[in-house]
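Read off the chains here:
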Amino acid sequence: MFLRSLYTGILFLFMGLMVKAQSIEVCSDCAVNSLAKGIAMAKAGDTLLVQKGVYKEYNLLVDKPLTILGKDLPVIDGEDKGEVIRVVADSVEIDGLLIRNVGTSYTSDHAAIRIVRSKDFRIRNVVLEKLFFGIFIEKSTHGEILNNRISGDAENEYSSGNGIHLWYSDHIRVTDNKVEGVRDGIYLEFSHHVNIFNNISTDNLRYGLHFMFSNNDSYRNNVFRNNGAGVAVMFSKEIEMIDNRFEKNWGTASFGLLLKEINDAVIKGNTFEQNTVGINIEGSNRIVYEGNDFIRNGWALKVLGACYTNTFTKNNFLSNSFDLSYNSRMNDNSFHKNYWSDYTGYDLDEDGIGDVPYRPVKLFSYIVNNTPETIILLRSLFVDIIDFSEKVSPVFTPDNLLDNAPLIRRRK
Amino acid sequence: MKNRVNVISILVLLITSACGTREAKPIAYGEAACHFCKMTIVDAIHGAEVITDKGRIYTFDALECMIHYMKDVETDQDFRLFTNYYESPGELLPVSEATFLISENLPSPMGANLTAFKDSAMARRIQTEQSGSLYSWKELWRRAAENENALIP
């Protein structure tokens, strides 16, 4: 008897699996003329095929595993009324929609697409316009955010959110996205094991990429250009930052990269070009800086507060106003085999390494730290003279702060 | 002689007008950087401001940053502290007049989940909606002073 009911059970189970995932078509003159109807009708595992058109809908709740597939980029217009799509089920895929006019609010972070407590989601080929928050991932894991275009028209921070926002979300891949004109392009808070590859984040009001309290993350091959304040990596551990470009972040509070309380990170192969400060480093320890290019920045590196056991090797410092500035008299960081375009030494034994050490900190940088207005004296003879005298006999700059083996030729 | 009086009165005028009135000055959101953590200030309901005894103004992106800063300076001078509050973004309120809610469902910029309210009834209402616990400024300050890791995630 028991065996029989078991067989029946298994049979029913197989039948259940054999029911084919259906495809439901949504178009303006179909029987199903809205996404809300389509979602209500669909069973778990179905595909919603959304035809070209404009759908004025908001507060759509996806509460079962579904694929929402847009054909020829259909438009979902939220008409500024609130959140557009909220996903609360696992294995949801959203592909090829244009979502616009997300409602703005001070107290609720309305998003074009919000994923809540779900896993195995995938958002791709989505275009977001006139948004508040773009893609908001909340307490979700194992998802993919791929090839989306997010363009906000943020003018002030009041009425803008972040493009891609990860909050308490782990194991997420953020790849090939383009984000512009929002508050922070990509934002991570309490999110670990996140890979951020090949994205372009430009013209955002605040940061191109922003880490808060997030560990074991990696970002590679991204471009961060012309953001209000560059990229900020704060209060995080074991972050990999490899082969990225940080460009044209100009302004008094702007940096290519801002590091605050960062430990055990790797910063390799990046290019910092034309920023007010290439990397602003505060309270950060055990970081390896290797093979980066610092080109035409105001300050290539600005080190503030206690920073211990950092190593700088094989970097190129090319035509920066200041290669390095310190605000303390002690140094626990090492500089080895970097190329400094300001180096004026010689190489008699022709081994490619300068025979006299290079002192990257100019005395004048201390004066500018204390009295920023003195910067107008930067190109004066007087400053050249005090810098030279300090170079010959260091009094104010840390005595051991030097590159003992400066490269003669630029590392290729 | 008369000239000198004029000069002196002008000087006095200049000096007194240069002295700040020690009123809260609106935060330049999107431009000003947090004095403690260097982040650009963008959140208009979580920002904060300190006016020192000398009239110097420091702005913060979050209340918790102001509290960490105040712990560092250890001053007994007459500093005036202001906070943004939930009901009206961008406005500043003396901290002594505010009620504070720590709720995991209301994140603040630096991870302490700390939000100020002008109206304590409003604070209680949001507390019932979002859960969490309420503090006065004194209680909040005591909590921060007693525990090194309070307000740090």
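Residues numbered from 1 in each chain as written. Chains lettered and ligands numbered in written order. Predicted model: local features only at pLDDT ≥ 70, side-chain atom pairs only at ≥ 80, totals over all residues.

A.B. asks: Would you explain the overall build of chain A in this entry?
C.D. replies: Each helix and strand counted, chain A has four helices and 39 strands in total. By principal-axis analysis of the C-alpha atoms, chain A measures approximately 90 × 55 × 35 Å. The proportion of buried residues among the 412 residues of chain A is 43%. Residue pairs in contact within chain A that sit at least 24 positions apart in sequence constitute 45% of those at least 6 positions apart. (Helix = DSSP H or I, 4+ residues; strand = E, 2+ residues; numbered from the N terminus. Buried ≥ 20, exposed ≤ 12 C-beta atoms within 10 Å, placed from the backbone. Contact = placed C-beta atoms within 7 Å.)

A.B. asks: What exactly am I supposed to notice about the overall build of chain B here?
C.D. replies: When helices and strands are tallied, chain B shows four helices and seven strands. Along the chain direction, N to C, the helices and strands of chain B fall in the order α-β-β-α-β-β-β-β-α-β-α. Buried positions account for 38% of the 153 residues belonging to chain B. For chain B, the proportion of contacts with a sequence separation of at least 24, taken over those separated by at least 6, is 57%.

A.B. asks: I would appreciate a short explanation of the interface of chain A and chain B in the present structure.
C.D. replies: Put simply, an interface is often sized by how much accessible area is lost when its parts join up. Taken together, the contact pairs 16 residues of chain A with 13 residues of chain B. Elements that contribute at least two residues to the side of chain A that touches chain B include exactly strand E25 (231-237) and strand E28 (257-263) of chain A.

A.B. asks: Just to check I follow, could you spell out the sheet that holds strand E7 (residues 85-87) of chain A for this structure?
C.D. replies: Strand pairing in a sheet takes place through backbone hydrogen bonds and is either antiparallel or parallel in direction. Residues and elements named next belong to chain A. Sheet architecture is open: twelve strands sit in the order E4-E7-E10-E13-E16-E19-E22-E25-E28-E31-E34-E37, paired in parallel fashion. Edge positions in the open sheet fall to strand E4 (60-62) and strand E37 (322-326), since each of these has one partner strand only. The sheet shows a mean angle of 10° between the axes of neighbouring strands, taken without regard to direction. Note that E7 and strand E10 (residues 111-116) share three bridges and pair parallel. Pairing of Val 87 across the sheet is with Ile 115, part of E10. (Pairing = 2+ DSSP bridges. Axes fitted to C-alpha atoms, helices over the stretch in contact; angles between N-to-C directions.)

A.B. asks: Looking at this structure, how should I read helix H4 (residues 381-392) of chain A?
C.D. replies: Along an α-helix, a turn takes 3.6 residues, which lines up residues three or four apart on a common side. The end-to-end C-alpha distance of H4 of chain A is 17 Å, a good match for the 16 Å that twelve residues give at a rise of 1.5 Å each. Of all twelve residues in H4 of chain A, zero are buried; the element is thus mostly exposed. (Expected span 1.5 Å × (residues − 1).)

A.B. asks: I would appreciate a short explanation of the sheet that holds strand E7 (residues 133-135) of chain B in the present structure.
C.D. replies: Residues and elements named next belong to chain B. One open sheet accounts for three strands, arranged E6-E5-E7; its pairing is antiparallel. Looking at which strands have only one partner, the edges of the open sheet turn out to be strand E6 (114-117) and E7. The mean angle between the axes of side-by-side strands here comes to 30°, regardless of whether they run parallel or antiparallel. In the sheet, strand E5 (residues 99-102) pairs with E7 via three bridges, with the strands oriented antiparallel.

A.B. asks: When you look at the environment of Asn 162 of chain A in this model, what are you seeing that I'm missing?
C.D. replies: All names here are of chain A. For Asn 162, the position within the fold is in the loop between strand E15 (149-151) and strand E16 (164-167). Its 32 C-beta neighbours within 10 Å are what place Asn 162 among the buried residues. In the structure, Asn 162 is positioned 20 residues away from Val 182 in sequence and 5.7 Å away in space, judged by C-alpha atoms. Aside from chain neighbours lying at most four places away, what touches Asn 162 is Phe 133, Gly 134, Val 182, Arg 183, Asp 184 and Tyr 187.

A.B. asks: Explain helix H3 (residues 363-370) of chain A to me, please; I cannot follow it from the model alone.
C.D. replies: Residues and elements named next belong to chain A. Those residues of H3 that sit buried are Phe 364, Ser 365 and Val 368. Across the axial projection of H3, the buried residues extend over an arc of 100°, all falling on one side. In this structure, the buried side of H3 is in contact with E37 and H4. (Arc of directions from axis to C-beta.)

A.B. asks: I would appreciate a short explanation of unusual backbone geometry in the present structure.
C.D. replies: Glycine aside, the phi torsion of most residues is negative, and most peptide linkages are trans. All names here are of chain A. Of note, Asn 125 is a non-glycine position whose phi angle comes to about 50°, a positive value. Structurally, Asn 125 is set in the loop between strand E11 (122-124) and strand E12 (127-129). Positive phi values are uncommon outside glycine, yet His 142 reaches one of about 50°. With respect to the helices, strands and loops of the structure, His 142 is situated in strand E14 (residues 141-146). On the basis of neighbour counts, which here come to 17 C-beta atoms within 10 Å, the residue His 142 falls in the partly exposed class.

A.B. asks: Can you help me understand the pairing of E25 of chain A in this one?
C.D. replies: Across a regular strand the side chains alternate sides, sitting on one face of the sheet and then on the other. Residues and elements named next belong to chain A. Burial analysis of E25 places six of its seven residues in the buried class, the great majority of the element. Pairing between strand E22 (residues 209-212) and E25: four bridges, direction parallel. The residue of E25 that forms the bridge with Leu 209 is Val 231. Sheet analysis places E25 next to E28, joined by six bridges and oriented parallel. Residue pairing across strands places Val 233 opposite Leu 259, the latter belonging to E28.

A.B. asks: What exactly am I supposed to notice about the pairing of E6 of chain B here?
C.D. replies: All names here are of chain B. Side chains Leu 114 and Ala 116 project from E6 onto one buried face, and the interleaved Thr 115 and Phe 117 project onto a second face that is buried too. Judged from the four bridges that link them, E5 and E6 form a sheet pairing that is antiparallel. Bridging across to E6, Ile 102 finds its partner in Leu 114.

A.B. asks: Hey, could you run me through the confidence of the model for chain B in this one?
C.D. replies: Note that predicted coordinates carrying low pLDDT should not be read in detail. All names here are of chain B. Of all residues in chain B, 86% have pLDDT values of 70 or greater, and the mean over the chain is 85. No element of chain B has a lower mean pLDDT than helix H1 (residues 2-18), which averages 58, and none a higher one than E5, which averages 95. Listed scores for the predicted complex are pTM 0.85 and ipTM 0.71. (pLDDT = per-residue confidence, 0-100.)

A.B. asks: Quick question: what am I supposed to make of the environment of Val 88 of chain A here?
C.D. replies: Residues and elements named next belong to chain A. Relative to the assigned elements, Val 88 resides in the loop between E7 and strand E8 (93-95). On the basis of neighbour counts, which here come to 15 C-beta atoms within 10 Å, the residue Val 88 falls in the partly exposed class. Taking the C-alpha atoms as reference points, Val 88 and Ser 118, separated by 30 residues in sequence, lie 5.9 Å from one another. When neighbours within four sequence positions are excluded, Val 88 is seen to be in contact with Leu 61, Asp 63, Val 116, Arg 117 and Ser 118.

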